[in-house]
Amino acid sequence: MNTALTEEQQMIQDTARQFAQNELLPNAAKLDQGDGQDILLNNLKQLAELGFMGLSINGEYGGTEAGSVAFSLAITEIAKGCASTAVTTSVTNMVAEVIQAVGNEEQKQKYIPQICSGEYPAAGFCLTEVEAGSDPAGMKTSAIKDGDEYILNGSKMFITSAEYAGVFVVWAVTDATAKKGKGISCFLVENGTPGLIVGPAEHKMGQKASATNEVRFEDCRIPASALMGKENDGFRVAVAELAGGRIGIGSLALGIGLAAMDYARDYISQRKQFDQELSKFQGLQWILADRYTDLEAARLLLMNAACLKEQGQAFSKQASMAKLFASEKANIACYDALQMLGGYGYIKEYPLERLTRDVRITSIYEGTSEIQRIVIARELLKEIA
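Just so you know, these numbers come straight off a predicted model, no measurement behind them.

Would you mind going over the pairing of strand β1 (residues 122–126) with me for this structure?
It is a general feature of regular strands that their side chains alternate between the two faces of the sheet. The buried fraction of β1 amounts to five of the five residues, a majority that puts the element mostly inside the structure. Burial of the side chains of β1 extends over both faces: Ala122, Gly124 and Cys126 are buried on one face and Ala123 and Phe125 on the other. Bridging between β1 and strand β4 (residues 165–173) involves four bridges; their strand directions are parallel. Of the residues in β4, the one forming a bridge with Ala122 is Ala165.

Below you can see the structure in the form of structure tokens.
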């Protein structure tokens, strides 16, 4: 792994940083209060115009072709400004990658350019269900073949950006008699299709500006051409794409953690107690040293996973390690940063309480920390099998 950035990667990181500081950060508190969906949608449109909705997508489909390392760098910088915008950007990129990886040429030409250009404000990844979260193979949503159509029935939960997504990648059981995880297929379903119902946004602890909705399918008829890849081979696709998504969520967590520590570092350099700056106290210096060391280690783990993915090598174990470490260390960083501000950290006037709420979900979605440990252990044991 060469940790030196290419000129293109550096440019993407710089562009994302500038956009986050100039456009996202000034409105992050307002978005957190639930008053700025128009602002969010405008931000997403601008990010698409800058090329951030197709960072690993081929140019022929409107993508940037910048690769997984650039994707990780961009999500980290965007998350420093607004975690809600970052998660939408990450998931939308993931959906575009799924379509590029397993869609046929007609599907690629139809949907990917609309995602990359921002014509679709976002795209949805419909996998999780009420009783199939950490165990997605246990999903119940069905797709029954009926002539030249499939009929979808079921419900998906916690779908990011569902209410303004242009298209959804949806997983459903197509062979109920197959062994668990073997009879699942993958479909493309446009928002607005009769029978597709997007529920109201959930009231969340953090990342409030990013809509999270239930998506229901009630006798939702889709053409047989909506099938992506082979019938009954969709779960393998889901597992592969979740590994890539973990790089995105780990990068998002890293960005939030860095934003929190940067703010706390600046604060203690100016705030005085006992006739000297707080930064002169060794206890606070040690917290800074430990947390920034943790976050730098997280960055390197993410870079390693992204490099392996970019090179076409196996990266599932490394992505899970990176996501696990980055999300858990970012949670600690936010908590410690809030503590360093004392009572002010608990006040909404300061960003630490928002960042602490925003970061909490990163150790849950895209696979909980517990699931990451299972994935890592499974991969390690394969090496001696």
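Help me understand the nonpolar core, please; the structure alone is not making it clear to me.
A general trend in soluble globular proteins is that nonpolar side chains are found buried together. Within the largest apolar cluster, 93 residues are counted, with the highest numbers of intra-cluster contacts made by Ile99, Phe125, Val169, Trp171 and Leu252. With 16 residues, helix α7 (residues 234–270) is the largest single contributor of residues to this core. Formed by 19 residues, the second largest nonpolar core is a distinct cluster that contains Cys126, Tyr150, Leu152 and Phe217.

Can you help me understand the pattern of salt bridges in this one?
When their charged atoms lie close together, side chains carrying opposite charge are able to pair. Counting across every chain of the model gives 24 salt bridges. With a shortest N-O distance of 3.1 Å, Arg291 and Asp294 are connected by a salt bridge. A residue pair is termed a helical-turn pair when its members lie 3 or 4 positions apart in one helix, as Arg291 and Asp294 do in helix α8 (residues 282–310) at three residues. You can call Asp294 buried: its relative accessible area is 13%. Members of the salt-bridge network, linked through shared partners, are Asp14, Arg17, Glu77 and Lys80.

So what exactly am I meant to see when it comes to the packing of aromatic side chains here?
Enumeration according to the criterion identifies four aromatic pairs in this entry. Taking 4.7 Å as the distance between ring centres and 55 degrees as the angle between the ring planes, the aromatic pair formed by Phe125 and Trp171 counts as tilted. Residue Phe125 is located in strand β1, and its partner Trp171 is located in strand β4; the two are separated by 46 residues in the primary sequence. By the burial criterion, Phe125 is buried, and Trp171 matches it. With 6.3 Å between their ring centres and 70 degrees between their planes, Phe274 and Phe281 make a pair best called edge-to-face. Of the residues examined, Phe274 reaches a relative accessible area of 71% and is grouped as exposed. Of the residues examined, Phe281 reaches a relative accessible area of 26% and is grouped as partly exposed.

Definitions and cut-offs
- Residues numbered from 1 in each chain as written.
- Predicted model: local features only at pLDDT ≥ 70, side-chain atom pairs only at ≥ 80, totals over all residues.
- Heavy atoms only, no water.
- Buried < 20%, exposed > 50% of the residue type's maximum accessible area, 1.4 Å probe, protein only.
- Helix = DSSP H or I, 4+ residues; strand = E, 2+ residues; numbered from the N terminus.
- Pairing = 2+ DSSP bridges.
- Core = buried A, V, L, I, M, F, W, Y, C linked by side-chain atoms within 4.5 Å.
- Salt bridge = Lys/Arg side-chain N within 4 Å of Asp/Glu carboxyl O.
- Phe/Tyr/Trp six-rings, centres within 6.5 Å; stacked < 30°, edge-to-face > 60°.

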